[in-house]
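For reference, the chains in residue letters:
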Amino acid sequence: MPATLMTDRELQFKSIAYRRALLQLIFSAGAGHTGGGLSCLDILNVLYHRILRVSPETRDSPDRDRYVQSKGHSVEALYVVLADRGFFPRTDLQTVCRYQSPYVGHPTRKVPGIEMNTGALGHGLAISAGMALAAKLDGRSYRVFTLLGDGELAEGSNWEAAMAASHYRLDNLTAIIDHNTLQITGPTRDVCSNEPLDDKWRAFGWTVRETDGHDVAALTRVLGAPPEPGKPTCVIAHTIKGKGVSFMESVPRWHHGVPTAAELARAVAELDAVETRLREEAA
Amino acid sequence: MSAPAPSVFSPTAARLAEKLGLALGQPNLDVFADTLLELARANPDILALTSDSRGSGKLAPFGQALPRQLVEVGIAEQNLVGMAAGLAACGKKPFAVSPASFLTTRALEQIKNDVCYSDVPVVLVGISAGTSYGALGSTHHSLHDLAVLRAIPNLSIVVPADNWETREAVRWAATARQPVYLRFGKAPTRHLGTAERRFEPGQATVLREGADAAFIGTGETVVHCLLAAGALAAEGRECRVISMPWVKPLDEETLVSAGRECEAVIVAEEHSVHGGLGEACASALMRAGIRVPFRIAAIPDEETVTGSQADIFRHYGLTMEGLSQAARELLEGL
Ligand SMILES: [Mg+2]
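Residues numbered from 1 in each chain as written. Chains lettered and ligands numbered in written order. Predicted model: local features only at pLDDT ≥ 70, side-chain atom pairs only at ≥ 80, totals over all residues. Heavy atoms only, no water.

J.: Account for the environment of Ala135(A), naming residues and giving values.
T.: Residues and elements named next belong to chain A. Mapped onto the fold, Ala135 is located in helix α4 (residues 124-138). Spatially, the C-alpha atoms of Ala135 and Ala17 are 35 Å apart, while their sequence positions differ by 118 residues. Each residue touching Ala135, except ones within four places of it in the same chain, is listed here: Arg140, Tyr142 and Asn172. (Helix = DSSP H or I, 4+ residues; strand = E, 2+ residues; numbered from the N terminus. Contact = heavy atoms within 4.5 Å.)

Written as structure tokens, this is what we have:
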């Protein structure tokens, strides 16, 4: 699918609707990764509306762009966006994590639009490097995007793949870091620091681009920019875990906290208020 | 490199092998590499992925002939398997080649998730498997690989015994739509006879008929089973010999027939006694309600003795002498 013609403003409304849907999904499933889902939703929104050349009709085309969600635990965010983009009926989301549902609590290829089974951390970058290399070998022009958590970067396999991607000059590969600075135990800086992140990727031969990971216009510019020839691109997206719900923002316990009915109502009320304000601004 | 490894056949066993027409062939690894090159010339989607292992995988000629089809990732087995999965998901047919020991432990999670769970047609090739590395020690031995891989769904596990089984297995793997594990040793192997054999997925081959003991071997132990049967024939015992390249799925029919028709069953494998072909057979026999004197000739649950592959086979009774003695003990109820 070519990029949709939605305006930045329309995408902002989408992000709010996605956040509501995500919270409702996790509430009804009784499980899920709330904080990380909220932190990467705007990235997914921009990817699926403006960047990725893939649609329900072209999801088996050899020339489609590939997206691999290495931070597989944020699958609920991906489900919400894929359902909205028509990869499967929205009503399927009622079965997430239910007995015998194909909608597992981590991505699987049984779900239309999902490229690979992920969820164990440190796998998506190598897989994506293989996909990007396949494009080069076959002379195809598709691009490969993968989304990694910042806590995930402690897995050494990422750095094996980072080396290989630059060795093979995979400029058709983009790794997006959902840099919310938190992981399940607390701040990544305290758990086992991976700073300075930008210099690490540069030292591994990557082009590094930084962006506000919640600003759809900025994300569009950075993800849509052509790569530096011969170099893979790392986009460090500065994000807030739990973004959009005041009492979840940057609170580690919301990593996989499931909202109560009251918490859900509060969160939805906050999102509704933001939506109303945005509509007033737009009018 | 080092001098040729000492022969895994005693002089007596070597003489019997010649008498039985079990002529010395090439290492299965060499046959794998030649076959892969032949297939890859005809199919540009076939790739060899190596982790600084093109020399040990005998793939240097492949790299020279088809440089665009050899993907080197350096000493990084996790990345080897992860990239292979990504390549396979995009229509390529990657053979990920690395010493069995490192491939199946270092990259086990990639095998489980990226290849088997994601169901992409990667061929995992464990080279210098079992105790091929001899005195280099336990770090380099793979005596766990069948056990760990058997517990992962959606993986065919194939351990060819001779050059013919190797060629057939590689050709089959190149067409397989599901994940495959191939396991090769690096010592020259003997041809297991010239009789008409058919290589069918999931099928064992009865190489010798008999109803006293049944020997079931896989990979490089099969020839020793044949030699043991040959030695026992001189004593008037007729033993069945089954080559079972498919560790998974298991040919339960051939196994159960052996359990019903023979006085004893001995499974010989270059693997830990735990979790390999032996335990797979024991479990299948029990499920079929068969009680038969049974032994697994394999590497016990201990730090493997230091020595060449020949020393190790002799030490743990995996040669003609050890296997025929095991049969005698079972048949005499010792
Ligand atoms: Mg994080």
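J.: Account for the interface of chain B and chain A, with residues named and values stated.
T.: Often, the extent of an interface is quoted as the loss of accessible area on bringing the components together. At the junction of the two partners, chain B supplies 25 residues and chain A supplies 26 residues. When the two sides are added together, the surface that chain B and chain A hide from each other amounts to roughly 2100 Å², 55% of it contributed by carbon and sulfur. On inspection of chain B and its partner chain A, the count reaches one salt bridge. A salt bridge links Asp138(A) to Lys92(B), with the nearest nitrogen and oxygen atoms 2.5 Å apart. Across the contact surface, chain B and chain A share 10 residue pairs in polar contact (both at pLDDT 80 or more). Within the residue set of the side of chain B that touches chain A, elements represented by two or more residues are β3 (70-72), α4 (77-89) and α6 (108-117) of chain B. (Buried area = accessible area lost by both parts, 1.4 Å probe. Salt bridge = Lys/Arg side-chain N within 4 Å of Asp/Glu carboxyl O. Polar contact = N/O pair within 3.5 Å; in protein donor to acceptor, adjacent residues only side chain to side chain.)

J.: Residues and numbers for the coordination of the magnesium ion, please.
T.: Residue and element names in this part refer to chain A. Protein coordination at the magnesium ion: the donors are Asp150 (OD), Asn180 (OD1) and Leu182 (O), at 2.1 to 2.2 Å from the metal. Motif for the magnesium ion, donor spacing along one chain: D-x29-N-x1-L. With a gap of 32 residues between them, Asp150 in the loop between β2 (144-149) and α5 (157-167) and Leu182 in strand β4 (residues 182-183) connect regions that are remote in the sequence. (Donors = N, O, S within 2.8 Å, 3.2 Å for Na, K, Ca; no water.)

J.: How would you sum up the domain arrangement of chain B? Please name residues and give values.
T.: Residue and element names in this part refer to chain B. In terms of domains, chain B is made up of domain 1 (11-23 + 195-332) and domain 2 (25-190). Domain 1 and domain 2 are separated by 25 Å when their C-alpha centres are compared. Between domain 1 and domain 2, the contact holds 37 residues from the first and 38 residues from the second. Taking both sides of the interface into account, the surface hidden between domain 1 and domain 2 amounts to around 2800 Å²; carbon and sulfur atoms contribute 57%. The largest per-residue losses of area from domain 1 upon contact with domain 2 belong to Arg197, Phe199 and Lys248, which jointly make up 24% of the total buried on that side. Linking domain 1 to domain 2 there are three salt bridges. A salt bridge links Arg190 to Glu18, with the shortest nitrogen-to-oxygen separation between them at 3.0 Å. Our count for the domain 1 to domain 2 interface comes out at 21 residue pairs in polar contact (both at pLDDT 80 or more). (Domains from an automatic or database assignment.)

J.: Give a detailed account of the pairing of strand β10 (residues 213-217) of chain B, specifying residues and quantitative values.
T.: Residues and elements named next belong to chain B. Most of β10 is tucked away: five of the five residues are buried. On β10, burial covers both faces: Ala213, Phe215 and Gly217 on one face and Ala214 and Ile216 on the other are all buried. Across four bridges, β10 lies against strand β11 (residues 240-243) in parallel orientation. Its bridge partner being in β11, Ala214 is matched across the sheet by Arg240. Where the polypeptide runs from β10 across helix α9 (residues 222-233) and back to β11, its parallel neighbour, the crossover connection is right-handed. (Buried < 20%, exposed > 50% of the residue type's maximum accessible area, 1.4 Å probe, protein only. Pairing = 2+ DSSP bridges. Right-handed = clockwise from strand over helix to strand, strands pointing away.)

J.: Describe the sheet that holds strand β1 (residues 66-69) of chain A, listing the residues and the values that go with them.
T.: All names here are of chain A. Read from one edge to the other, the open sheet built from five strands follows the order β1-β2-β3-β7-β6, with strand pairing classed as parallel. One side of each edge strand has no neighbouring strand; the edge strands of this open sheet are β1 and β6 (207-212). Neighbour to neighbour, the strand axes of the sheet diverge by 20° on average, direction disregarded. Pairing analysis gives four bridges linking β1 to β2, with the strands arranged parallel. Across the sheet, Gln69 pairs through a bridge with Leu147, a residue of β2. Contacts between helix α2 (residues 34-51) and the sheet are confined to β1, β2, β3 (173-179) and β7 (233-238), with β3 contributing the most and set at about 150° to the helix. (Axes fitted to C-alpha atoms, helices over the stretch in contact; angles between N-to-C directions.)

J.: Please set out the state of the cysteines residue by residue, giving values where relevant.
T.: Residues and elements named next belong to chain B. By the definition in use, this model includes zero disulfides over all chains. Free cysteine: Cys90, not disulfide-bonded; nearest cysteine sulfur from Cys116 at 18 Å. Cys225 takes part in no disulfide bond, and the closest cysteine sulfur to it belongs to Cys239, at a distance of 10 Å. Owing to a relative accessible area of 0%, Cys225 belongs among the buried residues under this scheme. (Disulfide = S-S within 2.5 Å.)

J.: I'd love a proper account of the packing of helix α1 (residues 8-29) of chain A against helix α9 (residues 261-282) of chain A, names of residues and values included.
T.: Residue and element names in this part refer to chain A. At a closest axis distance of 10 Å, the pairing of α1 and α9 adopts a crossing angle of 170°. By the angle class used here, α1 and α9 are roughly antiparallel. Taken together, the residues of α9 that come into contact with α1 (itself represented by Arg9, Gln12, Phe13, Ile16, Arg19, Arg20, Leu23, Gln24 and Phe27) are Ala261, Leu264, Ala267, Val268, Leu271, Asp272, Val274, Glu275, Leu278, Arg279, Glu281 and Ala282. Residue composition of the contact of α1 with α9, by class: 12 nonpolar, two polar and seven charged. (Parallel < 35°, antiparallel > 145°, perpendicular 65-115°, else oblique. Nonpolar A, V, L, I, M, F, W, Y, C, P; charged D, E, K, R; others polar.)

J.: Summarise the pattern of salt bridges; cite the residues concerned and give the values.
T.: Using the criterion set out here, one finds 36 salt bridges over all chains in the structure. Across the pair Lys14(A) and Asp84(A) runs a salt bridge whose closest N-O atoms are separated by 2.9 Å. Here the residue Lys14(A) occupies a position in helix α1, and Asp84(A) occupies one in helix α3 (residues 75-84), the gap between them amounting to 70 residues. On the accessibility criterion, Lys14(A) (21% relative accessible area) is partly exposed. We classify Asp84(A) as buried; its relative accessible area is 17%. For Arg208(B), the salt bridge goes to Glu238(B), with nearest N and O atoms at 3.7 Å. In this pair, Arg208(B) sits in strand β9 (residues 205-208) while Glu238(B) sits in the loop between α9 and β11, placing the two residues 30 residues apart along the sequence. On the basis of relative accessible area, Glu238(B) is assigned to the partly exposed category, the value being 36%. The structure contains a network of salt bridges with shared partners spanning Arg20(A), Asp272(A), Glu275(A) and Arg279(A).

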